Amino acid sequence: MVNQKGGVGKSTTAVNLGAALAVQGQRVLVVDCDPQGNTTTGFGIDKPSVKRDIYDVLMQEASIDEVMLRTEIDRLMLVPATINLAGAEIELVSALSRETRLRQALLPVAPRYDFVLIDCPPSLGLLTVNALTAAEEIVIPVQAEFYALEGLSQLTKVVHRVREALNPTLHVSGVLVTMFDGRTRLAMEVLDELERYFPQQMFKTQIPRNIRLSEAPSFGKPVILFDVKSRGAQAYLSLAKELTASVGAHA
């Protein structure tokens, strides 16, 4: 999940798409690569009690298996992030193989999972580059608001550079419209504009503005455990089906 803008729904999507895929029978690993650790909190993990996290993996002091945690959902494991990770951005600058550390760490464990979802920080620094180097495809969550397209050309350039230098198979699998309210003209205009910009890559599912979806993280639960009938929960279940079908079509 990548977009250098904050507040567009990356962590919300990592938590809720991961949960929706797992309840539909997929084996899922969610990797939190954002020092804010919102994805970690979203699964009800108490960050002060986390002994080791993704920082230790990137600094090559621990394996993914050593830091991985169970979640409330069967078939869904989490690699947590804490504020320790804020130091990694600086420490990685002088490190050997600094862009490929996440990829190297994931290689031995990835075959055990149907989906590995990586939540990126809201910046285009080394943590995001590590995620892009490790990933096969990216989902870009975009808020249905006036500045939605701002910064997307910069993101597209970074993706292009990573593809050329580090990861030739990387591609945008989908642009996901979040916080969508189809009753407003602005939201519909933003949707049209995004469809012009990404004609082939828009997910059919849009994630609506939804109170239950906003409330769920404060209870440390994915929305499907908090209120499965809510529009937010249903949207992520529908997105999970859409993603599974598109992966099946490419397989």
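Heads up: the structure comes first, above all this text.
Residues numbered from 1 in each chain as written. Predicted model: local features only at pLDDT ≥ 70, side-chain atom pairs only at ≥ 80, totals over all residues. Heavy atoms only, no water.

(A) Quick peek at the pattern of salt bridges. Tallying each qualifying case throughout the model produces 10 salt bridges. In this structure, Arg185 and Glu189 form a salt bridge, with 3.1 Å as the shortest nitrogen-oxygen distance. Here Arg185 and its partner Glu189 are both found in helix α9 (residues 185–197), 4 residues apart, which amounts to about one turn of the helix. Linked through salt bridges whose partners overlap, the residues forming this network are Arg212, Glu215 and Asp227. (Salt bridge = Lys/Arg side-chain N within 4 Å of Asp/Glu carboxyl O. Helix = DSSP H or I, 4+ residues; strand = E, 2+ residues; numbered from the N terminus.)

(B) Local environment of the side chain of Asn3. Mapped onto the secondary structure, Asn3 falls in the segment before α1 (10–23). On the basis of relative accessibility, which here comes to 2%, the residue Asn3 falls in the buried class. A polar atom in the side chain of Asn3 sits 3.0 Å from the backbone nitrogen of Lys5. Apart from the residues lying within four places of it in its own chain, the contact partners of Asn3 are Val8, Lys10, Pro121, Pro122, Ile140, Pro141, Val142, Leu152 and Leu155. (Buried < 20%, exposed > 50% of the residue type's maximum accessible area, 1.4 Å probe, protein only. Polar contact = N/O pair within 3.5 Å; in protein donor to acceptor, adjacent residues only side chain to side chain. Contact = heavy atoms within 4.5 Å.)

(C) Quick look at the environment of Leu213. Take Leu213: it is sitting in helix α10 (residues 211–215). A sequence separation of 34 residues divides Leu213 from Met179, and the C-alpha atoms of the two residues are 9.9 Å apart. Each residue touching Leu213, except ones within four places of it in the same chain, is listed here: Thr12, Asn16, Ile207, Pro208, Val223, Gly232 and Tyr236.

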